[in-house]
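Overview (structure and organization)
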Amino acid sequence: MTGRELQAARRHLKKADRVLRRVIEEVGTYQIRYRDDRFLALVEAIVAQQVSVGAARAILKRLLDHYPGGLTPKGLMTSAPETLRAVGLSRQKTEYLLGLARHVENGAIDLASLATLDDEQVVTTLTQIRGIGRWTVEMFLIFSLRRPDVLPVYDLGFRKAVQRAYKHRKPPEPEKIEHLAIPWRPYRSVATCYLWASLEPEPW
């Protein structure tokens, strides 16, 4: 999304939902931090699975410090699993990252071509890789492919943000959020990012 599109999204959301209007005004100046390096975006999303935001950032920083010239699939594949484990990655995530690197390096997954696919096609393509589920792809769709209308209803942080903003007693179920978010279309990604930002500047 361009800056102009983001402005249009904010105008639409503020008009469509009075609660979101308050959230957007309270968050104030906010820019979505996009990840243009698609391989790194997927690595980052895998690292962030089921850990706190702070832990994910610390692990990612230690991982990237091993590759001062930039993290590439080939560079990751040449790393010993023990090296990856030493930065704080679990055995399972180490296997996931190495598997992702192999898929990209051998051409089984063409990251450049993903932009030509619709959202569900991207989900189908990437979830063929072990360790990549729907949540990981949704993060990739929002933050790397810049898709404007993604709704990650199974993200606990997002559900907690909805709970707080809409004054629910507990995080609402995915079906309830899907109904709530109907007026947000076609900018559900932007609404999601503002709700995340109401709790945490960045979700992962």
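That block above? That's the structure.
Residues numbered from 1 in each chain as written. Predicted model: local features only at pLDDT ≥ 70, side-chain atom pairs only at ≥ 80, totals over all residues. Heavy atoms only, no water.

1. Describing the overall build of the protein
If you tally the helices and strands in the protein, you get twelve helices and zero strands. Put simply, the protein runs from its N terminus to its C terminus through helices and strands in the order α-α-α-α-α-α-α-α-α-α-α-α. For 204 residues, the compact-globule estimate of 2.2 N^0.38 gives 17 Å, and the protein sits close to it at 18 Å. Dimensions of the protein, computed from C-alpha atoms along their principal axes, come out at roughly 50 × 35 × 30 Å. Expressed as a percentage of the 204 residues in the protein, the buried residues total 49%. (Helix = DSSP H or I, 4+ residues; strand = E, 2+ residues; numbered from the N terminus. Rg over C-alpha atoms; globule rule 2.2 N^0.38 Å. Buried < 20%, exposed > 50% of the residue type's maximum accessible area, 1.4 Å probe, protein only.)

2. A word on the pattern of salt bridges
Applying the stated rule across the entire model yields 13 salt bridges. When the shortest N-O distance is used, the salt bridge between R130 and E95 registers 3.3 Å. Of the two residues, R130 is situated in the loop between α8 (119-126) and α9 (134-143) and E95 in helix α7 (residues 91-105); the sequence distance between them amounts to 35 residues. R130 sits in the exposed class, given a relative accessible area of 54%. Overall, E95 belongs to the partly exposed group, its relative accessible area being 37%. Note that E120 is salt-bridged to R134, the shortest N-O span being 2.5 Å. Here R134 lies in helix α9 and E120 lies in helix α8, a separation of 14 residues in the sequence. Look at R134 and you get partly exposed, because its relative accessible area is 38%. Here the salt bridges do not stand alone but share partners, grouping R33, R35 and E44 into one network. (Salt bridge = Lys/Arg side-chain N within 4 Å of Asp/Glu carboxyl O.)

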